[in-house]
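Okay, here's what each chain looks like letter by letter:
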Amino acid sequence: MATHDNTEHVSDATDEAVGWESKLRYFLNSDFVRSAPYWGIPFVLMSIAVYGGTGYNFAISFTDYEGLGTPDYSTLDLEMYAQALSSDAFIAAAQNNLVLLVGFTTICLVLGLFLAILLDHGIRFSEKFQTVYLLPMSLSFVVTAQLWLWMFNVESGILNLVVTTLGFNPVDWLGNPSIALGAVILALIWQFSGYTMVVYLAGLQSIPDDQFEAARVDGASITRTYLRIIVPQLKEASVSAAVVLMVFALKAFTFLYALVGRYRPPNGTDILATLMVRRAFKFGEWAYSAAIATMLLIMALGVIGPYLYYQYKQGGL
Amino acid sequence: MVEHDSSDESVNRRKYLKALTVGAAAGIAGCTGGGGTETESTESGNGNGSGGSTDDTETSGSSSGESWDSQLEVLHGWAGGDGEAAVTALIEAFEEEHPEMDTNFQAVGASANVNLNATILRRLANNNPMSSFANWPGKNLERYSGALMDLEADVWDAEGFKDTMQSRAVELCKFNDKMPAVPIGSHRMNNLFYNTAVFEEAGIDASSLDSVDALLDALETIDQNTDVTPMAQAMVAPWTNLQLWAQILTSQSGVEAYTNFIEGNPDRAAVVEALEALKTINENYITADASSISFTTAGQKVISGKAATIHQGNWVYGMFRADDSFNYKEQWDWIPFPGTEGIYFYHVDSIVAPSNNPSREETIAWQKFVGSKKAQIAFNNPKGSVPLRTDIDPSELTDFLAMTYEDLTDSEAYPPTIAHGLAVTPKTMGACKTAFGDNFMGPFNVEATADALVAAVSE
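Residues numbered from 1 in each chain as written. Chains lettered and ligands numbered in written order. Predicted model: local features only at pLDDT ≥ 70, side-chain atom pairs only at ≥ 80, totals over all residues. Heavy atoms only, no water.

Please clarify how the pattern of salt bridges should be interpreted in this entry.
Where charged atoms from two side chains of opposite charge come close, those side chains can pair. All names here are of chain B. All told, the structure shown has 17 salt bridges over all chains when counted by the stated rule. Two residues, Glu73 and Arg123, come together in a salt bridge whose shortest N-O distance is 3.0 Å. Of this pair, Glu73 sits in strand E1 (residues 72–76) while Arg123 is found in helix H4 (residues 114–125), placing the two residues 50 residues apart along the sequence. For Glu73, a relative accessible area of 8% puts it in the buried group. We classify Arg123 as buried; its relative accessible area is 6%. Residue Lys301 is joined to Asp289 by a salt bridge in which the shortest nitrogen-to-oxygen separation is 3.1 Å. With Lys301 in helix H12 (residues 295–303) and Asp289 in the loop between helix H11 (268–284) and H12, this residue pair connects regions lying twelve residues apart in the sequence. (Salt bridge = Lys/Arg side-chain N within 4 Å of Asp/Glu carboxyl O. Helix = DSSP H or I, 4+ residues; strand = E, 2+ residues; numbered from the N terminus. Buried < 20%, exposed > 50% of the residue type's maximum accessible area, 1.4 Å probe, protein only.)

In structure tokens, the structure reads:
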């Protein structure tokens, strides 16, 4: 870039040892400037789209912005946060969010680990199983939501076919508010346990066979080998998988929206993301929704922050 | 959503990046500019609203003849089925009338106008209005308060619509001393559609159903005498319960009780009584999968004979008609919701114009067209709704619609629908839906729902 414009001044530059032109030239030739188009543009775009958006959201959340028009920044206060924290709908959504976060992540990790260990034992057709388990992950939320909506159907859904064959009464998966969240978690686990399996499998396959052999020579049982030797070595994999899953749990909005085609998910499954979008785009309560968004961001940072710190401690950053 | 027009084929990476940067810069300018001066945003009200499809080329009084300068951009939610057929017919008729005009009709899909309303709200909030959009008139317009165009002189008076439209529709299109909307069609809400074969099998005479109690008895009879589920109900969203409850309330306690409720003077005893009846229906007579199906699936159950009756707006007529083996007066028939004879429960679809309009002249021409006989007949026949003009020859409509149209022009009372925007503000409507969503999707908590409903309208 811009290095061809001062060829005439070369002789001048030699007169004074370091004239401003050559300083400029050095500067323009530096790695920093020459690489700028490559990192600069993404950086600018990121700052505008992500951090700019976050900042604007933050600013709005202190106003009383509602409906059409422009926000009024003359009186800034925490009223929207107070209003949200004292609202039953917000508390219920936050609780659901927490249940989703913990339940979904834990079960996904355990199930994924179990599947990974099975596959690591070199069972027959293990590659094919691997593909089968991973396949749901490649599907869009929109597809899986529709699929599960059919499977959850009380009369004709396959889940109730299984339940009634086993001799139980049909379950109203989405209609019963005390079951609905569990049903949603079940569907999400189906979609994401394949992902944890792959992460764990990669971790398992990087552990040298010697350790298994050594354990066997020492007379350790298989369970003991895994619990004491193998699983502790999967800490890295667990942490990174858990972070990805938690972030997915926080933004399960897509799944819930695709499930019913509207911003109000089945009774008992309202999460912060759906509440936020509903208040913003149905009622134009921009400030209130922005406050919810900020708190959602804090929750996400609460998940990511410790991970980044952990990585930093490990020397990964 | 679809804000790019795919005209340029040679979009290379550089152009794309440039566009992105410009867009991002405009975005941040919009963000930071919002806090600045308010005069700025009002001044940009004439013509060059940021990001509109037109630039400074304001039409200079060239409305006569067929020379249009700006693109007409209309957003609507009729993305499939009968709605799509209806809007296609409407667009074809319009393009016949104004072949020179550059038009852009966008269907913003998904159920119940969720995406449409969100898109409109977002674009109006960003001061990036379209020419017109489809929405309910009445209290629903509260959502767009302060951003609506006045069509009274240019459209309503110019075309004499105030004389040719139903007076109720005229009233519903008034908002804050402006008339920003032109009605396109009306659905009737107080319907009970039934499968004739099932009613025959159960030995029920539909014409004898004149009250909610009679309906409950009939549902019980169907339950006892046949294998068919007495009623199809879609509860994937709470609005179906809300509208059915409104019918029951009106049937049991009269139009006045309903009117009092929507006007903010609810009679709690009447509210509870109607909820009790709805609870009886939902607990005993509807299909078990109600919680996971939409009203189209529920309608299919009546067609396939798995359910005997359904209460819905007469948009299900558009659905029934699509099935050639399921015909009016043969396989299915209709009665007004039991106990609401002589009442036409009022629903209106309209086309609304926002202020700061990017294509003033084109919008006026389009809105004039929407109110014309030609448009109303072209749209309503496929849609399954009826025109709001009083001078339509019923023979231009299908049999069922002609019957509905006669009721539209000749009923005793026309209560506006609560679940579809006319009766209460969007906020109150949302609170009423939440009342059902939180407490009445099974288990059915009558007291809590009643409290929430009363609180919703009393606020």
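Okay, back to it.
Please explain the sheet that holds strand E3 (residues 132–135) of chain B as it appears in this structure.
Residue and element names in this part refer to chain B. With mixed pairing, the five strands of this open sheet are ordered in space as E2-E1-E3-E9-E4. Strands with a single pairing partner mark the edges of an open sheet, and in this sheet they are strand E2 (103–107) and strand E4 (181–188). Strand after strand, the sheet turns through a mean of 20° between neighbouring axes, direction not considered. Strands in contact with helix H3 (residues 81–97) are E1, E2 and E4; relative to E2, the strand with the most contacts, it is inclined by about 175°. (Pairing = 2+ DSSP bridges. Axes fitted to C-alpha atoms, helices over the stretch in contact; angles between N-to-C directions. Contact = heavy atoms within 4.5 Å.)

What am I meant to see in the side chain of Thr196 of chain A here?
Along the chain, Thr196 of chain A falls in helix H10 (residues 177–205). Ignoring anything within four residues of it in the chain, the contact list for Thr196 of chain A reads Cys108, Leu109, Gly112, Ala241 and Leu245 of chain A.

Whenever I open this one, the nonpolar core confuses me. Can you help?
As a rule of thumb, soluble globular proteins bury nonpolar side chains together. Trp245, Tyr346, Trp366 and Ile418 of chain B are the most contacted members of the largest nonpolar core, which totals 232 residues. Tallying contributions element by element places H10 of chain A first for this core, with 14 residues. Shared between two domains, this core holds at least three residues of each, these being domain 1 (72–186 + 348–410) and domain 2 (191–345 + 418–458) of chain B. Not counting residues up to four positions away in its chain, the partners in contact with Trp366 of chain B are Leu72, Val74, Leu90, Phe94, Phe105, Ser132 and Ile351 of chain B. (Core = buried A, V, L, I, M, F, W, Y, C linked by side-chain atoms within 4.5 Å. Domains from an automatic or database assignment.)

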